[in-house]
Amino acid sequence: MPAHLAGIDFYASSEVVARQLIGVVVLVDGVGGRIVETEAYDREDPASHAFSGPTERNAAMFGPPAHCYVYRSYGIHWCLNFVCREEGHGAGVLIRAIEPLAGLDLMRQRRDAEDIAALCSGPGKLCQALEVTRAFNGRSLAQPPFQLEAAPAGIEIVSGPRIGISKAMDVPWRFGLAGSRFVSRPFR
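Small disclaimer: the values here were computed from a predicted structure and weren't measured. (Residues numbered from 1 in each chain as written. Predicted model: local features only at pLDDT ≥ 70, side-chain atom pairs only at ≥ 80, totals over all residues. Heavy atoms only, no water.)

Before going further, it helps to spend a moment on the pattern of salt bridges. Under the defined criterion, the tally for this structure stands at six salt bridges. Between Arg85 and Glu86 there is a salt bridge, with its nearest N and O atoms 3.2 Å apart. Overall, Arg85 belongs to the partly exposed group, its relative accessible area being 22%. Relative accessible area serves as the criterion here: at 35%, Glu86 is assigned to the partly exposed category. (Salt bridge = Lys/Arg side-chain N within 4 Å of Asp/Glu carboxyl O. Buried < 20%, exposed > 50% of the residue type's maximum accessible area, 1.4 Å probe, protein only.)

Pasting the structure below:
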């Protein structure tokens, strides 16, 4: 596994990778867009699935970097995470929102939604729009159906507390593209 993919050092901490991913274009079978919102999680973090150690459910989070960790949230929505740090550590970045750029018609069909800002403005929505399911768990980001393209230089990144967690709520590990209308919730 290469240490860098699309300009991202997936061996870095989840906080660093979460920042680096803002502006990166992610495509799944040619459908996707620019990452505009992420959240970092680490095994030392009580809000992380990795906090209590490896289980059958979270095993991919302890796997090699630049792979997927996909889980179901509240038994309803799939959530896509990119694994980082060295194998065995247990860290990842939740992809919270993307700005749709490619395959808009397919996204609209999959989401049964017309408004472009509503297609991928949340982790469950983006997984539905990209057709990401548990079948992607453990897959490499360096191989099809994934394609990652480096972020442009000079983008402005904002940060704030993560969303929808009950532990370590004040940790400012939610990152976003400043001014983006495609984030799941505005940054304050």
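Take the state of the cysteines next. Applying the stated criterion across every chain, the model contains zero disulfides. The cysteine Cys68 is free of any disulfide, with Cys127 supplying the nearest cysteine sulfur at 9.2 Å. Residue class for Cys68 comes out buried when judged on its relative accessible area of 0%. Cys127 provides the cysteine sulfur closest to Cys120, a residue in no disulfide bond, and the two sulfurs are 9.4 Å apart. The exposure class of Cys120 is buried, given its relative accessible area of 0%. (Disulfide = S-S within 2.5 Å.)

Along the chain, Arg108 turns up in helix 2 (residues 104-111). As for Arg108 and Ala129, which are separated by 21 residues in sequence, their C-alpha atoms are 7.3 Å apart. Those residues in contact with Arg108, other than ones at most four positions away along the chain, are Ala113, Glu114, Ile116 and Leu119. (Helix = DSSP H or I, 4+ residues; strand = E, 2+ residues; numbered from the N terminus. Contact = heavy atoms within 4.5 Å.)

Within this structure, the stated rule accounts for three aromatic pairs. Ring centres 5.8 Å apart and planes at 75° place the aromatic pair Phe136 and Phe146 in the edge-to-face group. Taken together, the residues Phe136 in the loop between helix 3 (123-130) and strand 8 (146-149) and Phe146 in strand 8 connect sequence positions 10 residues apart. The exposure class of Phe136 is buried, given its relative accessible area of 8%. Over the aromatic face of Phe136 sits the side chain of Arg139, whose NZ or CZ is 5.3 Å from the ring centroid. (Phe/Tyr/Trp six-rings, centres within 6.5 Å; stacked < 30°, edge-to-face > 60°. Lys NZ or Arg CZ within 6 Å of the ring centre and 35° of its normal.)

Take the confidence of the model for the chain next. On average, residues of the chain score 90 in pLDDT, and 92% of them reach the 70 mark or higher. Of all helices and strands in the chain, the one with the weakest mean pLDDT is strand 1 (residues 4-5) (84), whereas strand 3 (residues 25-28) scores best (98). (pLDDT = per-residue confidence, 0-100.)

Here we come to the pairing of strand 4 (residues 31-42). Taken across its 12 residues, strand 4 has 11 buried, putting it largely inside the fold. The sheet contact formed by strand 3 and strand 4 spans four bridges and is antiparallel. Counted as the bridge partner of Val28 is Val31 from strand 4. Note that strand 4 and strand 7 (residues 91-102) share 10 bridges and pair antiparallel. By the bridge assignment for strand 7, Gly32 is matched with Ala102. For strand 4 and strand 10 (residues 174-177), the ladder comprises three bridges, and the chain directions are antiparallel. Bridging across to strand 10, Glu37 finds its partner in Gly176. (Pairing = 2+ DSSP bridges.)

The next point concerns the packing of helix 2 against helix 3. Here helix 2 crosses helix 3 at 115°, and the two axes come no closer than 7 Å. The way helix 2 lies across helix 3 gives a crossing that is right-handed. Within the contact between the two elements, helix 2 uses Met107, Arg110 and Arg111 and helix 3 uses Lys125, Gln128, Ala129 and Leu130. Grouping the amino acids of the contact of helix 2 with helix 3 by side-chain chemistry returns three nonpolar, one polar and three charged. (Axes fitted to C-alpha atoms, helices over the stretch in contact; angles between N-to-C directions. Left-handed = near helix turned anticlockwise from the far one by under 90°. Nonpolar A, V, L, I, M, F, W, Y, C, P; charged D, E, K, R; others polar.)

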